[in-house]
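Letter by letter, the chains look like this.
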Amino acid sequence: MVDLHVDTPWKVHFKGRSLDLVEGHATPKTLGAGGYRGIVYPIYLADYLNDGHPRIADADAVLATIRKLVARHDILAWAPGQPGYTGPLSPGTIGVFVAIEGAGAFADDITQIDRFIAAGVRLVGPVHAANNALATSATGKPSPNRHAKPAGLTPLGRTFCERVYAAGALIDVSHMSTAAFADLEPIAQKYRAPIVATHSNAHALAKHPRNLSDRQLRVIAATGGVAGLNVYRPFVSRGKKVSLRDVVAQVRHMVKVAGVEHVAIGSDYDGGTPVRALRDASRWPRLVAALRDKGFSDADLRKIFAENALRVLAWKPAASRP
Ligand SMILES: [Zn+2]
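I will try to describe carefully the structure that is included in this document. (Residues numbered from 1 in each chain as written. Predicted model: local features only at pLDDT ≥ 70, side-chain atom pairs only at ≥ 80, totals over all residues.)

1. A look at the overall build of the chain
Rules: Think of it this way: any DSSP run of H or I at least four residues long counts as a helix, any run of E at least two long counts as a strand, and we number them from the N terminus. Within these notes, the globule rule equals 2.2 Å times the number of residues to the 0.38 power, and the radius of gyration is based on C-alpha atoms. Exposure classes come from backbone-placed C-beta atoms, where a residue is buried if 20 or more other C-beta atoms lie within 10 Å of its own, exposed if 12 or fewer do, and partly exposed in between.
Along the chain, the regular secondary structure elements total 12 helices and nine strands. Its C-alpha atoms give the chain a radius of gyration of 18 Å, near enough to 20 Å, the size a compact globule of 322 residues would have. Considering only C-alpha atoms, the chain reaches an extent of 45 × 45 × 40 Å along its principal axes. Counting across all 322 residues of the chain, residues that qualify as buried make up 48%.

2. Remarks on the sheet that holds strand β8 (residues 226-229)
For clarity, the cut-off: Paired strands are those between which DSSP finds at least two bridges. By definition, residue pairs are in contact when their C-beta atoms, positioned from the backbone, come within 7 Å. Orientation is described by axes fitted as lines to C-alpha atoms, over the contacting stretch for helices, and by angles from 0 to 180 degrees between their N-to-C directions.
Across the sheet, which stays open at both edges, the three strands sit in the order β7-β8-β9 with parallel pairing between neighbours. Because the sheet does not close on itself, it has two edges, and the strands there are β7 (196-197) and β9 (263-265). Here three bridges tie β8 to β9, and the two strands are oriented parallel to one another. If you follow Ala-227 over to β9, its bridge partner there is Val-263. Lying over the sheet, helix α10 (residues 244-258) contacts β8 and β9, oriented at roughly 175 degrees with respect to β8.

3. Remarks on the nonpolar core
Note the threshold: Residues of type Ala, Val, Leu, Ile, Met, Phe, Trp, Tyr and Cys that are buried and joined through C-beta atoms within 7 Å form what is called a nonpolar core.
Judged by nonpolar contacts, the single largest core of 94 residues is most densely connected at Val-124, Leu-184, Met-254 and Val-263. Once residues within four sequence positions are removed from consideration, Leu-184 is found in contact with Leu-153, Cys-161, Ile-171, Val-173 and Ile-195.

4. Quick look at the packing of α10 against helix α11 (residues 284-293)
Convention followed: Each crossing gets its hand from how the near helix is turned against the far one by less than a right angle, where anticlockwise is left-handed and clockwise is right-handed. Here the nonpolar group is Ala, Val, Leu, Ile, Met, Phe, Trp, Tyr, Cys and Pro; Asp, Glu, Lys and Arg are the charged ones; every other residue, Gly included, is treated as polar.
Packing of α10 against α11 leaves a shortest axis separation of 10 Å and a crossing angle of 60 degrees. For the crossing formed where α10 meets α11, the hand is right-handed. Residues Leu-244, Val-247, Val-248 and Val-251 of α10 pack against Arg-286, Leu-287, Ala-290 and Leu-291 of α11. A class-by-class count of the residues in the contact of α10 with α11 yields seven nonpolar, no polar and one charged.

5. Comments concerning helix α6 (residues 155-167)
The condition is simple: Here a helix's expected span is defined as the number of its residues, less one, multiplied by 1.5 Å. In this description, one arc is meant: the one made by directions from the helix axis to the C-beta atoms.
End to end, α6 covers 19 Å across 13 residues, agreeing with the expected 18 Å (1.5 Å per residue, within 8%). When we look at burial in α6, the residues that qualify are Gly-157, Phe-160, Cys-161, Val-164 and Tyr-165. Mapping the buried residues of α6 onto a view down its axis gives an arc of 135 degrees, with all of them on the same face. Where α6 is buried, its residues contact α5 (113-118), β5 (121-125), β6 (170-171) and α7 (178-190). Looking one or two residues beyond α6, the residue adopting positive phi is Gly-168, at roughly 105 degrees.

6. Quick word on the pairing of strand β4 (residues 94-101)
Burial analysis of β4 places eight of its eight residues in the buried class, the great majority of the element. With burial as the criterion, each face of β4 is covered, one bearing Ile-94, Val-96, Val-98 and Ile-100 and the other bearing Gly-95, Phe-97, Ala-99 and Glu-101. Two elements, strand β2 (residues 38-44) and β4, share seven bridges in a ladder whose sense is parallel. Within β4, the position partnered with Gly-38 by the bridge is Gly-95.

7. Regarding the pairing of β8
The condition is simple: Classification remark: right-handed applies to a crossover when, strands pointing away from the viewer, the course from the first strand over the helix to the second runs clockwise.
Judged by which residues are buried, β8 turns out to be covered on both faces: Val-226 and Gly-228 on one side and Ala-227 and Leu-229 on the other are all buried. With two bridges joining them, β7 and β8 adopt parallel strand pairing. Residue pairing across strands places Val-196 opposite Val-226, the latter belonging to β8. At this point the chain moves from β7, through helix α8 (residues 214-222), to the parallel β8, and the crossover so formed is right-handed.

8. Some words on α8
The set of residues buried in α8 consists of Gln-216, Leu-217, Val-219, Ile-220 and Ala-221. Buried positions along α8 lie against α7, β7, β8 and α10. Immediately beyond the C-terminal end of α8, within one or two residues, lies Gly-224, with a positive phi of roughly 85 degrees.

9. Considering the packing of α6 against α7
Note the following rule: Throughout this description, any angle smaller than 35 degrees is read as roughly parallel, any larger than 145 degrees as roughly antiparallel, any in the 65 to 115 degree range as roughly perpendicular, and the remainder as oblique.
The contact between α6 and α7 brings their axes to 10 Å, and the two run at 40 degrees. On the basis of the axis angle, α6 is oblique to α7. With respect to the hand of their crossing, α6 and α7 are arranged in right-handed fashion. Here Arg-158, Cys-161 and Glu-162 of α6 come into contact with α7, specifically with Asp-183, Leu-184 and Ile-187. Of the residues in the contact of α6 with α7, the class split is three nonpolar, no polar and three charged.

Pasting the structure below:
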């Protein structure tokens, strides 16, 4: 089990949760029971930090918290490719990867992203819930001029995305607007980079602006990327009762449209409210069993639950061409 998005650092850094992780969806106990071998911890920077101006120093502070979590818990270790990696992970150990969710602070000085990527950041989401100086958000305010072409990546945002790819990390489109996603496509192509949506589902089954259209799912597949299944209820279904059956429907749709090589898991545990049947990180065997009932093979399940995520996490840019 490899999970592309678990918000525990946010809970610990900003919401007062103890570093001991005795509460929440993703504790050492639930992660162990859920068979976790890899986890992506985002450095999440809220749009409202410092009166709407999150700063690069905030990212340093959250990274320090993630390091404390890894140091505190025997079950956590640095994943292969991360600077703290010390050799093959022993069985039952979970490899930690770092990401950034909401990189608006880096508009102050985009060169600073280099040292975060050198410090292990593998995925960078330029934007969170509100538009910023890099990109418009899936949930951002539309332009007051409704005749204007929808804004996507700003010129600085384009340069930023290029810089992230050149430095060897990937852009996470999960919170990006449709226009920003479209603006990213030629940039990703230029760097032969897989487009990754760490925690977004299919819009066809749940009309949430954070979810992906079938076209976007196909683009992600064409780049070799992945979409990570989010189990936060409003992203699974817009119905009143959201059940495991709806999660299964999401996986089947995403696999039908993108292909089994391009669907992964990005739970959003410790961020949103998960579907009851998957209410904490120990519950994945239920989804595995439900998918097996629908005809998914062990090979398919290994791809969805681990291999696809590991493939994109291991991405490196092609050697620079003349
Ligand atoms: Zn998110």
